[in-house]
Structures are given as C-alpha cells and as structure tokens.
Amino acid sequence: MEKKIKAVQLKKRIAVENIKSLERFQAEYSTEDAKQIPEALEDLEKHKEGFFAAVSKLEELDDSDTMIEACIMERIDIEERCRKLKSFLREHQPKEEGSLNETTDNYSVTWAALLKRYDNSRLLIREYYRKLHYLPGVQSVCVDKLTHLVDEFTRFVNGLVKLKEPVDSWDTPLSNMLLMKLDRETLLAWEKHSVHFTKDKYKDVIAFVQDRIQILKSTNNFVSDQSASGIKVAGIHRHAVQRRFVANVAASCPTSAVSSGSIQQPKCPLECAEDHPLRSCPVFIGKEVQHRRDVVSSKRLCWNCLSSTHQVRACKSDYSCRTCRERHHTLLHHTPPRTVTMAAHSDDDKVFLETANVQVKDDYGNIFEARALLDSGSMSNFISDEFARKLLTSCNKVNVAVSGIGNAVQQMKGSIVATVQSKTQSFATEMAFLVLETPSAHIPTSPTDISSWKMPDVALADTNFNLPGHIDIVIGGDTFWELHTGRKRSIGRGKPWLVETHFGWVVSGNTQHSSSGPRVCHLATHDIPLEEILQRFWESETIAEDPVLSVEEDACEKHYSSTTVRNSAGRGI
C-alpha cells in the first residue's frame, strides 16, 4: 500500500512542479514569449487534470481525516493558482488587429485540442465502459433515480455502438451490470417477469425497466390526484377518509362509543415532523440494523410489526421476517458472519483440491501473484478482501447474499473485475470477483508427505500443493471448465490425478486408504454468541407492565373512565 501511495504522490508532485514552471513563465513573461501561450494553455489543462487525478487516487488509498483535509486544501490552492494562470495566458494571447487570422488561428488551436482529446476511439471506448461501471445504483424505489440510471446507461451503450463495439453480443455483461444497479423491489419484479427466460438479454432488461418507470409514474400521478381531490366512484364524490390504525383488536367498539373525534394514526416514535408508521420512517430505515433493534427495545415496541400497543407474544400479524421467516420484522433481521468448514479424513486418506499459483493484473497494469482454488462447485468467483485491497482496481458496490454449507449466508458488499493470467503460459482472461473477507480455509488442511510419489516431469501449477496455504481467489464453475484442456495423468494406484489446465498441471483427487482405522468427519461453524441467544429469548418473551390494549380499546377505556360514576366498591353506577 505504501508503494502505491508513493507512486501517486510522485505523479502529484510532477504535476505541481509543471504548474510551478508555468508560473515562472508568467513571472518572466515578455512579448517575445507570446507565441508559446497556446501550448502553455494546453499544458496547463493537462497538468491540472493530472494533479486532480492523483489527488483523487490518494483519497481512495488513504481515507483518513488528516489525508482528506490535506487533499481539500491542496485542491483549493491549485484551483486558485491555475485560475490566475489561465486568466493571464488568455489576456496575453497574441492578436492581429484588422485581420481574420485571429479567428482562424484560435479555431485551429481549439479544433486541434478537441481532436486530440475526443478523436481517440480507444480512449472513448475505455471512458464509456468506465462510466457504465461507475453509474450510481438505485437503493430504493425512486422514479427519478431509476429514470436517470436507464437514460445514462442507454446513452453510454449507444456511444459504444457508434464506436462499432460488438454490443449485440454483450448481453450477459451489460444486463448483469444494469441489474446490479437496480433496487431490490425492481430486481425482484424482474426475476418474477423473467423466471422462464433462458438467458438475460440486455434489450429485455432495458425494456422491462422502462415499462416499470412508466407504470410507477402513472401510479404516482393517480395516487396524487386521488389524495388532492378526493375519491370519485360511480359518479359520486366522496372525501377521502384516513384509515384508522388497528392492532391486536379482540373486539371492535362501535364508533359512537368512542369520543367524537376520529382516531388519528399514531405519531412516529422517533418524533418526526410527519405522521407515519415506524416501518416507513426514513430516519429509522437509514439506521444500521443494531441501531434499529436498540430503538425497538428502548421504545418497547412489538418486534414483529413495530406497534407500540402490544409485544411480540401478543402480535396477531400474519407476517414475519422475509429473510429467515422468524417472528421479527425484516428491518430487524441481523445475519451474523459465520464461517463454516467441513472436512472428512482418516489417518491416511485425504482429498486434494485443485490449486494454482497465478498472476492477477489490475487496471494500471500492476501484476500480483496469488494462490487460486479452482472450485467447480462455486457458482461465482471470489477474492479475499486483503488481496483486493492490493489492486488498483475500482470496486463496485453490490448487495448479493451468498450461501454455503449448512445454508450459511454471507452478504457481499463489493465486486471487482481483474485479469487473471498464467505464470508459465500465454493465457489470460478477465474475471469478475465478489469480495469476501475469507473465501476459503487453508488448502490443504494438513501437510502430506509426497517423497515416495513418482511424479512425472511436468510443470505444476502449484509446487506446494501438498502444504497448507492461504487462498487469495476462488475461480468458480462459470470459468472452471474453460481452464481445463481435458488431459490427465495418473500418479499411481491409490494416488490423486494430475489434470492439465492453462495454469499448468494441478493435483486433484483423493488418496485411497487401506487401514481399518476410523474416519473422522468435522463440521466447524462459528457459534452464535450467548448474548444473542438470550436476546432472542427476551425478544419473544417480553411481558408488558401495563395492559396490552388496541387503539380502540384504549379510547373506550378513557371515554368510560371519564363519564362513569363509581360507588365505593368500584362498580359503575
């Protein structure tokens, strides 16, 4: 990381020194230097862009408060200095009075600069593709944000089409790139719509999202018209009536029995200015899961429906958590990180998984060595968080749930695209990886003595295949079979096989055991902390100190307690 920071700081320093050189040109300027001003203006823009690009990269590599504050001050300083320089250079640009050469010369310089910047199709294609990756995703249903996303995505794709890129054959990358930027509800609607499709096609995804935008717009307009002018049914105009908040109603009381005022919807427990239920409160939704749980606990609300009139043991709602189906609200669902590993072995029986030493190249051409696990059972490619931080590659935000052994679920928050290449052969391929803290346990789990094995003279992809080692990336089934040539060789009876891949020969298979000793099967999982188990217990068993009443029941109690006269025995007269 320090090397990367030093490299970026060097680029920033070079840009600053070049700007200082232009400032010296300004200080020592004479009329004989006027012809250099067009080139000086062009150099000023180039050095300014280089400086701001380096500062942006520094902010990515070091996001500490001190570094951010320093970068802000440097941005302000350079911006002011460049503005003064640009003003001086423009003011002293050579002009020929009474001649049309001025317009012609300015036009030529401007046109040359535009051509230099925008007539490079290779750079334009790279820029369009980068723009597609960095388009902000839509976190919740919002017509305006969804419209902006589709318009910008379509604009960049059309730009690639005009540059004669084979977009028609990019259905999988384009459709998946767009789907990863959609909100959860829109993504769910697409899955229902395309459940019988054999493949995600870009045109189908774009058409579906555009139709959804039209539906959302018309629905919002219809609801707005109803709320503004009331509801009109069969030619009869009726004023809209606010729905009453009902929870845990055992027996409804007649309206006449309640006070003459209508029962209002309860205010937000977080004391927001608007009246809305807690499940729709933007402040509550914006909090972390643990903060939401703390709010529900402190306000003594129902863990299942977030009502303030009862506890979860008395909740009559038919709904439960959509993630785990347990008796709590989905907004309160918490998935603790779990690590599950499984191994079966005896004293002389082991299974070797395919491992290979490969090279990973980032966006800037830097190459890093990594140890890869070739796993045909994985549906995705994974990269460890530690290794991903080494790469100077942009990380895209995703929200993907990955399940493993025992349905252990982990939430993926980022993905990157990098080039994986062989160390010994001329093979390279671009892969998309989900960033995971620990994609695999050490492979193999214990060392194996291979001194008695008769290994053929072949180039092994991992010379230390028999020793436990850290796994940096996992290459899943999507690419697994493309890496194999179909050739294999036997090491000997009771030994694993040598399988040829584009990274070299890998060792795969199990060693047969001959002893009658017992086999041991291990299943290791991260246990749920005792505090969390106790919390689940009191979440479902909390007993209210006061009687649990619905809104109507509470209103009835207040009405009769204020109008009823009681005798000395407490009976109503």
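About the cut-offs
- Residues numbered from 1 in each chain as written.
- Predicted model: local features only at pLDDT ≥ 70, side-chain atom pairs only at ≥ 80, totals over all residues.
- Heavy atoms only, no water.
- Helix = DSSP H or I, 4+ residues; strand = E, 2+ residues; numbered from the N terminus.
- Buried < 20%, exposed > 50% of the residue type's maximum accessible area, 1.4 Å probe, protein only.
- Pairing = 2+ DSSP bridges.
- pLDDT = per-residue confidence, 0-100.
- Contact = heavy atoms within 4.5 Å.
- Axes fitted to C-alpha atoms, helices over the stretch in contact; angles between N-to-C directions.
- Parallel < 35°, antiparallel > 145°, perpendicular 65-115°, else oblique.
- Nonpolar A, V, L, I, M, F, W, Y, C, P; charged D, E, K, R; others polar.
- Phe/Tyr/Trp six-rings, centres within 6.5 Å; stacked < 30°, edge-to-face > 60°.
- Lys NZ or Arg CZ within 6 Å of the ring centre and 35° of its normal.
- Lys, Arg positive; Asp, Glu negative; His and termini not counted.
- Salt bridge = Lys/Arg side-chain N within 4 Å of Asp/Glu carboxyl O.
- Core = buried A, V, L, I, M, F, W, Y, C linked by side-chain atoms within 4.5 Å.
- Left-handed = near helix turned anticlockwise from the far one by under 90°.

Engineer: Lay out unusual backbone geometry with the relevant residues and their values.
Structural biologist: In this chain, I443 is followed by P444 through a cis amide linkage whose omega measures -15°. Inspection of the secondary structure puts P444 in the loop between strand 10 (428-436) and strand 11 (473-475). Even without glycine at this site, K164 takes up a positive phi of about 65°. For K164, the location among the structural elements is in the loop between helix 6 (143-162) and helix 7 (171-179). Even without being a glycine, R300 presents a positive backbone phi close to 55°. Within the secondary structure, R300 is located in the loop between helix 11 (289-298) and strand 3 (340-345). Since its relative accessible area comes to 39%, R300 is described here as partly exposed.

Engineer: Give a description of the pairing of strand 12 (residues 484-490) that names residues and reports values.
Structural biologist: Bridge analysis of strand 12 against strand 13 (residues 497-501) gives 4 bridges, and the strand direction is antiparallel. The residue bridging S490 from the neighbouring strand is W497, located in strand 13. Two successive antiparallel strands, strand 12 and strand 13, enclose a turn made up of 6 residues, where G492 displays a positive phi of approximately 150°.

Engineer: Provide a residue-level description of the sheet that holds strand 13, including the pertinent values.
Structural biologist: Strands pair in a sheet through their backbones, by hydrogen bonds, and they do so in one of two ways: parallel or antiparallel. Here 4 strands make up an open sheet; going across it, the order is 4-14-13-12 and the pairing antiparallel. Because the sheet does not close on itself, it has two edges, and the strands there are strand 4 (351-352) and strand 12. Where strand 13 lies against strand 14 (residues 504-510), 5 bridges are found, and the strand directions are antiparallel. When the sheet's bridge partners are listed, L498 is paired in strand 14 with V507.

Engineer: Give me the confidence of the model for the chain: which residues, what numbers.
Structural biologist: Residues at a pLDDT of 70 or more form 73% of the chain, whose mean pLDDT is 77. At the level of individual helices and strands, the chain shows its lowest average pLDDT in strand 2 (residues 236-238), which scores 42, and its highest in strand 5 (residues 355-361), which scores 94. The model gives residues 228-263 a pLDDT under 50, and that stretch makes 47 contacts with residues more than four places away or in other chains. Long-range and interchain partners of residues 540-548, a stretch whose pLDDT sits below 50, account for 13 contacts in this model, where long-range means more than four residues apart.

Engineer: So what's going on with the environment of Y29? Which residues, and what values?
Structural biologist: Secondary-structure assignment places Y29 in the loop between helix 1 (2-27) and helix 2 (37-61). Separated by 60 residues in sequence, Y29 and L89 place their C-alpha atoms 10.0 Å apart. What Y29 contacts, discounting residues up to four positions off in sequence, is A34, I37, F88 and H92.

Engineer: Can you lay out the packing of helix 2 against helix 3 (residues 65-91) for me, pointing to particular residues and giving the numbers?
Structural biologist: Packed helices, taken two at a time, are described by their axes: the angle between them and the distance between them. Contact pair helix 2 / helix 3: the axes reach a minimum separation of 11 Å and the direction vectors enclose 170°. Comparing the axis directions of helix 2 and helix 3 gives the class roughly antiparallel. Contacts between helix 2 and helix 3 involve I37, A40, L41, L44, E45, K48, F51, F52, V55, S56, L58 and E59 on the former and, on the latter, M67, I68, C71, E74, R75, I78, E79, C82, L85, K86, L89 and R90. Here the contact of helix 2 with helix 3 is composed, by residue class, of 15 nonpolar, 1 polar and 8 charged.

Engineer: Any details on the packing of aromatic side chains? Residues and values, ideally.
Structural biologist: Enumeration over the complete set of coordinates arrives at 13 aromatic pairs. The structure contains a cluster of three or more aromatic residues connected by ring pairs, namely F25, Y29 and F88. Against the face of W497 rests K488, its NZ or CZ located 4.4 Å from the ring centre.

Engineer: Help me get a handle on the pairing of strand 6 (residues 367-374), residues and values and all.
Structural biologist: Where strand 5 meets strand 6, 7 bridges bridge the pair, whose relative direction is antiparallel. When the sheet's bridge partners are listed, V360 is paired in strand 6 with F368. Hairpin connection of strand 5 to strand 6: 5 residues between the antiparallel strands, including G365 at a positive phi of 85°. Bridging between strand 6 and strand 11 involves 3 bridges; their strand directions are parallel.

Engineer: Residues and numbers for the side chain of R212, please.
Structural biologist: Its place among the elements puts R212 in helix 9 (residues 202-229). For R212, which is buried and forms no salt bridge, the nearest opposite charge comes from E185, at a distance of 4.4 Å. Ignoring any residue separated from it by four or fewer positions in sequence, one finds R212 in contact with V141, E185, T186 and A189.

Engineer: Lay out the nonpolar core in plain terms, naming residues and giving numbers.
Structural biologist: Core analysis: the largest hydrophobic core is formed by 27 residues, its most contacted members being L132, L146, F153, V157, L174 and V209. Listed by contribution, the elements that provide at least two residues to this core are helix 5 (121-134), helix 6, helix 7 and helix 9. Element by element, the count of residues in this core is highest for helix 6, at 8 residues. Filtering out sequence-adjacent residues up to four positions away, V209 remains in contact with L146, V150 and L182.

Engineer: Describe in detail the environment of A401, supporting the description with residues and values.
Structural biologist: Positionally, A401 belongs in strand 8 (residues 396-403). Overall, the relative accessible area of 49% leaves A401 in the partly exposed class. In this structure, the C-alpha to C-alpha distance between A401 and K413, residues 12 residues apart in sequence, is 9.0 Å.

Engineer: Could you give me a rundown of the packing of helix 1 against helix 2, with the residues and numbers involved?
Structural biologist: Interhelical geometry of helix 1 versus helix 2 gives an angle of 155° and a closest axis separation of 9 Å. In terms of orientation, helix 1 lies roughly antiparallel with respect to helix 2. For the element pair helix 1 and helix 2, the recorded crossing hand is left-handed. Of the residues in helix 2, those touching helix 1 at K4, I5, V8, Q9, K11, K12, A15, V16, N18, I19, L22 and F25 are I37, A40, D43, L44, H47, G50, F51, A54, V55, K57, L58 and L61. Grouping the constituent residues of the contact of helix 1 with helix 2 by class yields 15 nonpolar, 4 polar and 5 charged.

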